[in-house]
Each structure stands twice: as C-alpha cells, then as structure tokens.
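For reference, the chains in residue letters:
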Amino acid sequence: MPSYDSLKLADPDIYAALTGEMQRQADGVELIPSENYVSPAVLEIMGSVFNNKYAEGYPGKRYYGGQEFTDAVESLAIERAKRLFNATHANVQPHAGAPANIATYFALCEPGDTIMGMDLSHGGHLTHGHPVTYLAKIFNFVRYKMKDITTGEIDYDEMRAVAKREKPKILMAGYSAYPRELDYAKMRAIADEVGAIAIMDMAHVAGLIAGGAHKNPFDFGFDICLTTTHKTLRGPRGGMILTREAELGKKIDKMVFPGFQGGPIMQMVAAKAVAFGEALKPEFKDYAHQIVKNARHMAVEFLKNGALLITGGTDNHMLLIDTVTSWGIGGKEAEVLFDRIGITLNKNMIADDPRSPMDPSGIRLGTPAITTRGMKEPEMEQLVSFMLRAIEQRSDDAAIKALHEEVKTFCQQYPVPGIERMENG
Ligand code: DSN
C-alpha cells in the first residue's frame, strides 16, 4: 500500500476520507455487482505521472509532441484488449461506459434513428434509451422485455415483431440487472432480418467473457461490443469499444475523438493495459468461473430459505431478489438494513415494478468483489446466513450491532488487494 504521506501532509481532510474509505472496504462485504477491487499494480499506475500528459489522437497520430510512452501504453492496451475478446479493433479511450455507448450511437446513427434495447426495469441500462436520458430526445428508443420473469426468458418473438415494425438501426444486447445469458444467435438473426447492427453492451459480464465463463458475442457475429473496464473485468474505471471488423472501428475512432471526447485520460489507458494483461493470465479464467459458481451457490442458499429470485436464479455474477415478496420489506429498507451490518448492495427495480426507483421492490447483489477477496462456496453460505439473520433480527438494534461485529471479524480473513490489514481506530 502506498504511504500517502504527502497527501496526509497536504490535505488532512481528504486523507481522513481516504483512510475512512479504506477501512470501510476492508471491514465490509462488497456485494454491489458492478464493483470490484483492482490489483496493487493497477492502483499504482492510476496514480502515476501519465496523468500529466495530453495525448489527443491515437498512437502514431497525435496532435501534441512527447508521445513515446503514451503511444507504447495505448498500443499495448489495444493489442491486449483485442486478444482478450478476439476483436479486430479496440478503442480504449472512452472515459466511462456511458461515453462509450453515446459515441457509438453518434458514430452509427442520425438524430431520429431507432435503437432497440432492453427495458430498464427488465434489466437494461439507462443509456439503452430510458426516457430520463438526453439520448431519448435524440433517438427513438424501442424496447424488448422478458417473456417470463420466473425463468428470465426474453420474448424473442416480440423482439422480432417490434424490430420488423420499427426497423432499428441498432439492436442492442446487454444489461445491468439481468441474471441470465442472452441468446446471441437469435438476436443476430433478428438483426439480420431488419438490417440492424448487433451490439452487445457487455459491461457487466466482460470479465466473464474474457475468462471464458460466458459466451463471446463476436462468436455469434455481433458487430460491436461495448464495455466498462472496472466491473467483472477488474480494471480501472473506464470504457472501451471493440469491433469485429476494421471499417466500423475507424468510424468509431473518429467519433470518440475528435467527435465526442477530448484528450484520453492516459493514466487510465495505461491502467487498462495493466488490467488487460492480468486478465490474459490463466488464473483470470479461474477467477471468472468462480464468480459464477459463487453467485449460483448464493442463489441456491437464498432459494432454500424461501427468497424469491427474479428469473429463479442466476447464470452470471448477480442476483435480483424481490424483497417485498421474500421478506415483506422494500428494496430501500433492505439496502439500509444490510448496510448496518457492513454488507453493501443496492436497491433495484424488479420487472414492471409498481414501486418507485428510489424505493423499489428489490435488491441487486453479486459476487465479483468477494471472489477477488478469495471467497468461495462456504463463504457464500456464511454471507447468506448473515443476511437472513439481519432480516430476522431487524427490529433488535443490539442484535444488528452484534451481527455487524461478526461481519467485521469475518472480513479480517479476506484482505482487500491494495489495502493492508487496518486496525480499528
Ligand atoms: N452503475 C452501473 C451498475 O451498477 O450497474 C451501471 O452503469
């Protein structure tokens, strides 16, 4: 762990917040399925002097001088990303997932064009066309949903019918709250029938795909894969766009820069290269498979104890629980309750939720971060037991406090990468 001595001296307030956050991460269980812990190497490069460099353009074609080392790291990031996902072209400059998605829409569509994506309450993402986004003012978004929320099966017949009627320019796969895999072959066939570009927003499952625990959309003829780099892929915060063929890649490059963004955030590009190097190692495959095994095991434990899981279980890294039906409490109340025992997850809408986004009917949780900490099936049982005890004892403050202490003690056995064991106080 870096000493942070300079920070401590220069800005005690921020230093206090940093050490507080380190303590929180070390003492608590992170179940938010989009979060993870990066390696010490990734942490080091993120805090490096690459921050100081402007590098508009791409390797070998920059607008400013002094690019010997920025070119080297960006080229490595690109090559490693292509190898990881079997892509022809990679753009590693998007600052985050939303800019990657937006730059892609801008590269491929004109205002008023139609884009088809998964409904938000059925698992889709805001950037796939939710009416609250500005994107919804520019493009015409149409949606598809699950046919059966007890299995998670997508209504592909309805998808085909809507696609034929609406003629989307893009058929978008991908999700942020859907615990199953999609049928890429079916979606590619529908895209072909209507002449749409097939895109997978694989932000949540990129690490599972890279590690061979999930299917690769490019193997089914998808044209583009969009992703963040910090979820299951376990890299720095950022985005990336991969294409199956080079021409599409050139179009995307022009839109990312200069079309949409300014200079790349070079310390993050360098950190992407480091993280992709880690994901290319054989042990990352074990990690990816263990994420899924852990999530499945957790699902079985919850089901055994009578919880209602949306789609009846999981095939990926996440679980969605209907807390109202399972335990008679809303998702917000559940989130706050689990926070009180040091288990962090998020409230989440369930399909066609009658409640509001700030107080929905469910929670979303997942296993990428705890798997990084080395937890396996027995620990999943322990965590479910902590959570069920919290539900049972929720009106007993002393019991909840005691449970929080138990969670802290449990966490001491599983160090967080980059955080040395911190003693209380
Ligand atoms: N905020 C991310 C998630 O939690 O899934 C998606 O953008």
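Calculation notes
Residues numbered from 1 in each chain as written. Predicted model: local features only at pLDDT ≥ 70, side-chain atom pairs only at ≥ 80, totals over all residues. Heavy atoms only, no water. Salt bridge = Lys/Arg side-chain N within 4 Å of Asp/Glu carboxyl O. Helix = DSSP H or I, 4+ residues; strand = E, 2+ residues; numbered from the N terminus. Buried < 20%, exposed > 50% of the residue type's maximum accessible area, 1.4 Å probe, protein only. Pairing = 2+ DSSP bridges. Right-handed = clockwise from strand over helix to strand, strands pointing away. Near = heavy atom within 4 Å. Polar contact = N/O pair within 3.5 Å; in protein donor to acceptor, adjacent residues only side chain to side chain. 1 Å grid on protein atoms, 1.4 Å probe; cavity = no way out; pocket = protein on both sides within 12 Å on 5 of 7 lines; lining within 4 Å. Sits in = over half its atoms within 2 Å of the grid points. Nonpolar A, V, L, I, M, F, W, Y, C, P; charged D, E, K, R; others polar. Points joined across faces, edges and corners; volume = space filled by probe spheres on them.

**Q** Help me understand the pattern of salt bridges in this model?
**A** Proximity of charged atoms lets side chains of opposite charge pair with each other. Scanning the model with the defined rule gives 24 salt bridges in all. Note that Arg 244 is salt-bridged to Asp 223, the shortest N-O span being 3.4 Å. Placement of Arg 244 in the loop between strand S12 (239-243) and helix H10 (246-260) and of Asp 223 in the loop between helix H9 (206-210) and strand S11 (224-228) is noted, with a sequence separation of 21 residues between them. Accessibility expressed as a relative area gives 36% for Arg 244, which makes it partly exposed. Across the pair Glu 247 and Lys 250 runs a salt bridge, and its minimum N-O distance is 3.0 Å. Here Glu 247 and its partner Lys 250 are both found in helix H10, three residues apart, which amounts to about one turn of the helix.

**Q** Is there a simple way to explain the pairing of strand S10 (residues 197-201) in this structure?
**A** Here is the key point about a regular strand: its side chains alternate between the two faces of the sheet. Of all five residues in S10, four are buried; the element is thus mostly enclosed. As paired elements, strand S9 (residues 170-174) and S10 share five bridges and run parallel to each other. What sits directly across from Ala 173, in S10, is Met 200. Following the chain from S9 across helix H8 (residues 184-194) to the adjacent parallel S10, one finds a crossover that is right-handed. With three bridges joining them, S10 and S11 adopt parallel strand pairing. Paired with Ile 199 across the strands is Ile 224, a residue of S11.

**Q** I keep staring at the site of the ligand and nothing clicks. Help me out?
**A** Around the ligand, the neighbouring residues are Ser 34, His 125, Ser 176, His 204, Lys 231 and Arg 364. Taking His 204, its side chain carries an N or O atom lying 2.6 Å from an oxygen atom of the ligand. Between an oxygen atom of the ligand and a side-chain N or O atom of Arg 364, the distance comes to 2.7 Å. Judged by its atoms lying within 2 Å of the grid points, the ligand is housed in the largest pocket. Counted by class, the shell around the ligand contains no nonpolar, four polar and two charged residues.

**Q** Would you mind going over empty space enclosed by the protein with me for this structure?
**A** Gaps left between atoms show up when a probe the size of a water molecule is rolled over them. For the coordinates displayed, the defined rule picks out one cavity of 30 Å³ or more. The computed volume of the largest cavity comes to approximately 30 Å³. As for the largest cavity, its lining consists of Gln 93, Pro 94, His 95, Arg 237, Gly 238, Ile 265, Met 268, Val 269 and Lys 272. Classifying every residue of the lining of the largest cavity by side-chain character gives four nonpolar, three polar and two charged.

In short, the description is geometric, and any link to function would need to be established separately.
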